[in-house]
Amino acid sequence: MNHLLIRRITSSHSSLAKPPFLEHNNNVNTVQQSPPLILITTRIRRRSYVSPSSKFEFIKKRKKKTQFEIQVLDQCVSGQIKKLDDALGYFDKLVSLNPLPSIETFNHLFISISKLRCHSSVFPLYNKMKWIGIQPNIFTFNILINSCCQLRGVNYGFCLFGEILKRGYHPNIITFNTLVKGVCVQGMNRFALQVFDKMTTSGVSPTVFTYNILIDSMYKQGEMEEAKRLFEEMIKLGKEPDVITFNSMIDGLCSTGKIDEARKLFDSMVGKGLEHDLYSFSVLINGYCKKFKVDDALQLFEKMKQKGIKPTQVTYTTLLDGLCRAKKVTIARSLLLEMESTGVSPNIVTYNAMLDGLCKNGHIDEVIELFQSMKLKGCKADIHTYGLVIDGLFKGGKYEDAKKLFHEIPNQGLVPNVRTYTIMISGMCREGNLLEAEKLIFEMERNGCMPNAVTCETIIKGFLERKDVEKAKKFLQIMRQRNFSPSNSLI
């Protein structure tokens, strides 16, 4: 069952080519700060990957250290190292001390560098530390594995895992949790479960945090049944789910349309002594909105406020969008006013949701008013906003205003996309201006924006409504040449 995992972690780790950040480098000062990482964010609460010493042990150990070591430890523990250069300066001084500092001091310094997200800088320092004779311990390897995972180099994390075994150290829960999370972040859920199995067969008991990592990753990749299995398993093993576990499960159930099951789980939290947080409410409100159960969403929204939890921009926007899609524009309008009155500023997503709702319900004058208002408040319209307003203007019979707004787009530093052009072509067809609509198709191609199937169907329907069958055939032929399949309504 664990053959793949065992082969990867017990084979000679030296057989895998080392990345540049694991190569030996004696010139520590040449270490560059790692480039910004595009991290896949999860809603799992961050926890330290190195077990901190108790306050008593820390004070006791301090007595054996030099004044400079104590100063470095204080800076690390208090989080006052804010720049990589400061950390490198401390390292250079530490390696010049006689006698040399303990591995504990270096571990704290490595943690501080990791917190700066300069993960690639940890490895040359580690190599330098080993070169002068200071041997790493299990906590050092945990830090290094975490940095590999943050750099999306989990394979090299397993190289280090092999080094742990080679040195006769025992991987602990932090080692395994770090590897499981690193594998999950890279979307390898099956392999994550193999690491999990290896952990349990090695006698290391999983924690709630371990299960949270796995459940979170499973539901995000659509493996809700596996998430449920893990949820039930942890309860059987006496690992009580926390708020994070419940939130992941509720989010997963909502994303698969099982809103009633999600609500049942939400309600069960109280009986287990758990307090709902902002995320608990937000995911369930979003679930109700997707199912067009906006009355339930509103009730939950009010309950959230009664519990003293302040709605965020995301919460308001989610509910407002749900109300607009459910054609409850009056309530949505009131919610927007409430949002602003409580000091929560709407963003472009909020305004786009409101504009869309107003357009679809025929409130064209309000669309123009809101569009002008948002610009005055400093919220810059995006190309989606322009598409919504132009579409509303055409549907309201304000053809000239729609065209004028379209020609304003380049002046705002924006470029019309295929949706914007299609809205314009649809509006011109509705106006009966087929010649301009046809010209616009050729214009968009010249500008590097290729018409899609919807664009072609739009102008074909326009020509058919005007009884211009030959032109309709011409564009139908273009569709076929581009392998676009006509919709049932066109056939």
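Residues numbered from 1 in each chain as written. Predicted model: local features only at pLDDT ≥ 70, side-chain atom pairs only at ≥ 80, totals over all residues. Heavy atoms only, no water.

1. Considerations on the overall build of the chain
On a plain count of helices and strands, the chain comes out with 26 helices and 0 strands. Among the 491 residues that make up the chain, the fraction classed as buried is 48%. Long-range pairs, those at least 24 residues apart, make up 65% of the contacts in the chain between residues at least 6 apart in sequence. Carbon and sulfur atoms make up 53% of the accessible area of the chain, which totals about 24500 Å². (Helix = DSSP H or I, 4+ residues; strand = E, 2+ residues; numbered from the N terminus. Buried < 20%, exposed > 50% of the residue type's maximum accessible area, 1.4 Å probe, protein only. Contact = heavy atoms within 4.5 Å. Areas by Shrake-Rupley, 256 points an atom, 1.4 Å probe, with all protein chains shown as cover.)

2. Let's talk about the packing of helix 19 (residues 348–360) against helix 20 (residues 364–376)
At a closest axis distance of 8 Å, the pairing of helix 19 and helix 20 adopts a crossing angle of 165°. Compared by their axis directions, helix 19 and helix 20 come out roughly antiparallel. As for the relative orientation of helix 19 and helix 20, their crossing is left-handed in sense. Touching I348, Y351, M354, L355, L358 and C359 of helix 19 are I364, E366, V367, L370, F371 and M374, all from helix 20. (Axes fitted to C-alpha atoms, helices over the stretch in contact; angles between N-to-C directions. Parallel < 35°, antiparallel > 145°, perpendicular 65-115°, else oblique. Left-handed = near helix turned anticlockwise from the far one by under 90°.)

3. A closer look at the packing of aromatic side chains
The tally for this structure, following the rule as stated, stands at 14 aromatic pairs. For the ring pair F196 and Y211, a centre distance of 5.5 Å and an interplane angle of 65° mean the geometry is edge-to-face. A residue pair is termed long-range when its members are at least 10 positions apart, and F196 in helix 10 (residues 189–201) and Y211 in helix 11 (residues 208–220) qualify at 15 residues. On the basis of relative accessibility, which here comes to 0%, the residue Y211 falls in the buried class. The residue whose ring lies beneath R325 is F292, and the NZ or CZ to ring-centre distance is 5.2 Å. (Phe/Tyr/Trp six-rings, centres within 6.5 Å; stacked < 30°, edge-to-face > 60°. Lys NZ or Arg CZ within 6 Å of the ring centre and 35° of its normal.)

4. Focus on the packing of helix 14 (residues 259–271) against helix 15 (residues 278–290)
As a packed pair, helix 14 and helix 15 sit with axes 10 Å apart at the nearest point and diverge in direction by 160°. The angle between the axes of helix 14 and helix 15 places the two elements in the roughly antiparallel class. Handedness of the crossing formed by helix 14 with helix 15: left-handed. Along the contact surface, helix 14 presents I259, A262, R263, F266 and M269, while helix 15 presents S280, F281, L284, G287 and Y288.

5. Notes on the environment of T66
On the secondary structure map, T66 appears in the loop between helix 2 (55–62) and helix 3 (67–77). Spatially, the C-alpha atoms of T66 and P99 are 9.4 Å apart, while their sequence positions differ by 33 residues. Within the structure, T66 has its side chain in polar contact with the backbone nitrogen of E69 (distance 3.2 Å). (Polar contact = N/O pair within 3.5 Å; in protein donor to acceptor, adjacent residues only side chain to side chain.)

6. Here's the deal with helix 4 (residues 84–94)
Of the residues making up helix 4, those classed as buried are L84, A87, L88, Y90, F91 and L94. Along the axis of helix 4, the buried positions cluster into a sector of 160°, meaning they face one direction only. Each element contacted by the buried residues of helix 4 is listed here: helix 3, helix 5 (103–115) and helix 6 (122–131). (Arc of directions from axis to C-beta.)

7. Considering the pattern of salt bridges
What the rule picks out here adds up to 28 salt bridges. For R229, the salt bridge is made with E226, and the minimal N-O distance between the two is 2.5 Å. In this pair, R229 and E226 are both assigned in helix 12 (residues 224–236), 3 residues apart and thus about one turn of the helix distant. Of the residues examined, E226 reaches a relative accessible area of 15% and is grouped as buried. Between R333 and E366 there is a salt bridge; the shortest N-O distance is 2.8 Å. Here R333 is found in helix 18 (residues 329–341), whereas its partner E366 is found in helix 20, with 33 residues between them in sequence. The exposure class of R333 is partly exposed, given its relative accessible area of 26%. Each of E225, K228, K258 and E261 takes part in salt bridges that share partners, so that together they form one network. (Salt bridge = Lys/Arg side-chain N within 4 Å of Asp/Glu carboxyl O.)

8. Structural notes on helix 16 (residues 294–306)
Given a rise of 1.5 Å per residue, 13 residues ought to cover 18 Å, and the 18 Å separating the end C-alpha atoms of helix 16 matches this to within 8%. Regarding helix 16, the residues found buried are V294, A297, L298, L300, F301 and M304. Along the axis of helix 16, the buried residues cluster in a sector spanning 165°; they form a single face. Residues of helix 16 that are exposed and point over 90 degrees away from its buried face: Q299 and Q306. Looking at the buried residues of helix 16, the elements they touch are helix 14, helix 15, helix 17 (313–325) and helix 18. One or two residues past the end of helix 16 sits G308, with phi positive at roughly 85°. (Expected span 1.5 Å × (residues − 1).)

9. Section: unusual backbone geometry
Note the cis peptide between N98 and P99, where omega equals 5°. Within the element layout of this structure, P99 appears in the loop between helix 4 and helix 5. Positive phi values are uncommon outside glycine, yet R117 reaches one of about 65°. One can find R117 in the loop between helix 5 and helix 6. The phi dihedral of K467 falls on the positive side, at around 65°, and the residue is not glycine. Structurally, the position occupied by K467 is in the loop between helix 25 (453–465) and helix 26 (469–481). Overall, the relative accessible area of 70% leaves K467 in the exposed class.

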